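Coordinate analysis (summary)
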Amino acid sequence: RACQMNIAFLSKTEINIRYLTHAMVPHRMTICRSRTELLRAIPEVEVLVVQNQGFARGTVNAECLSAAKKLRLIQHHGVTCDVTDVGAAAKLGIPVATIRGQNSRSVAEHAFYLMLALARKSRQAQRLMHEGRMGELECVELEGKTLCVVGAGTIGKMLAKMAKGFGMTVVGVTKTGAAQDALGAGFDAVHAIRDLHRALAGAEFVVLALPLNEETLNLMDADEFRAMKRGAMLVNVSRGPHVNRDALRQALIGNGIGGYATDVFWEEPADTQDPLLQDERVLITPHMGGKSIEAIQRSVAAIRQNIERLAAGEPLLNIVSA
């Protein structure tokens with residue numbers, strides 16, 4: 001019902017490239033695996049699909065957008081859009097859209113996997129297997145422990161339900177402390193972000209599941225690590241810069257925390273020589289939380305739907321404001 005459009009996909013992730021390229025037929029697709037490639041392609045692009053993984057906050061900025069002569073939509077391949085300067089896009093009249101919740105189940109399950117992996121000391125266990133040794137590890141159970149979920153959105157609510165199934169107490173932290181929806185989803189209590197230290201102090205496990213912005217950059221800094229219970233474990237499925245790297249290193253050196261598991265890093269892909277990768281209390285996965293086949297298929301379908309709406313002149317879905 002519409003003519004072919006020029007679509008560019010900013011992505012370093014081959015599985016997403018494969019699925020989206022197949023789904024966008026017969027539109028013309030240009031794959032950009034770097035900002036340099038995007039700058040070269042963007043003058044002719046009508047729709048830019050952006051994947052956050054592997055790109056710094058604000059990669060698609062005013063300089064980049066000023067070269068976009070035909071751009072009608074920036075469509076993010078996920079629920080957040082920190083790679084795009086939404087304010088700069090708004091000044092140029094370019095709408096920015098996200099997709100809501102299509103990968104939330106996948107990310108929530110991955111967060112719970114990381115929490116279990118820390119509790120069961122999975123990296124140390126693998127080493128023992130390679131050394132031909134039996135189980136000589138002191139692990140912990142989840143039942144009876146308190147989980148603090150920083151961010152009580154869709155992912156946080158899913159985590160709360162999972163944790164209740166394991167007999168955990170679940171505390172949420174939100175911007176304002178508004179509790180009605182969260183309490184209905186399984187949270188036992190909800191704190192405002194200003195009371196983060198109090199929430200951290202009572203938890204054996206902490207999961208970060210919130211957007212990255214100026215207010216949440218370096219959210220977990222030295223003071224926050226000091227507020228955590230000694231031996232508590234931190235899981236991050238949001239963005240690497242939520243955690244201050246130096247503060248994390250000091251918390252590990254001083255045994256202030258028992259472990260750190262993350263699906264996101266400060267630079268992606270991570271440097272294979274990074275000292276953090278050598279610490280068995282640190283578990284890092286390659287930003288794969290939203291990569292279930294089901295989540296990818298749902299996300300691609302949502303992207304295709306919005307592009308078809310654009311081509312047909314229909315109202316766009318999930319537009320974000322500056």
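Shown above is the structure to which this text applies.
Heads up: these notes are all about the structure in this document. A quick note: this is a predicted structure, and the numbers were derived from the prediction, not measured. (Residues numbered from 1 in each chain as written. Predicted model: local features only at pLDDT ≥ 70, side-chain atom pairs only at ≥ 80, totals over all residues. Heavy atoms only, no water.)

1. Quick word on the packing of helix α5 (residues 104–119) against helix α7 (residues 154–165)
- At a closest axis distance of 9 Å, the pairing of α5 and α7 adopts a crossing angle of 50 degrees. Taken together, α5 and α7 sit at an angle that is classed as oblique. The element α5 and its partner α7 pack so that their crossing is right-handed. Listed contacts from α7 to S104, R105, V107, A108, E109, A111 and F112 of α5 are T154, I155, M158, L159, M162 and A163.
- The class makeup of the residues in the contact of α5 with α7 is 9 nonpolar, 2 polar and 2 charged. (Axes fitted to C-alpha atoms, helices over the stretch in contact; angles between N-to-C directions. Helix = DSSP H or I, 4+ residues; strand = E, 2+ residues; numbered from the N terminus. Parallel < 35°, antiparallel > 145°, perpendicular 65-115°, else oblique. Left-handed = near helix turned anticlockwise from the far one by under 90°. Contact = heavy atoms within 4.5 Å. Nonpolar A, V, L, I, M, F, W, Y, C, P; charged D, E, K, R; others polar.)

2. Structural notes on the sheet that holds strand β2 (residues 28–32)
- What the 6 strands build is an open sheet, ordered β2-β1-β3-β4-β5-β13; its pairing is mixed. Every other strand in the sheet has two partners, leaving β2 and β13 (319–320) as the edge strands with one partner each.
- Pairing between strand β5 (residues 96–97) and β13: 2 bridges, direction antiparallel. Looking across to β13, one finds that A97 is bridged to I319.
- Seen against the sheet, helix α1 (residues 14–23) touches β1 (6–10), β2 and β3 (47–50) and runs at an angle of roughly 170 degrees to β2.
- Contacts between helix α12 (residues 293–311) and the sheet are confined to β1, β3, β4 (73–76) and β5, with β3 contributing the most and set at about 165 degrees to the helix. (Pairing = 2+ DSSP bridges.)

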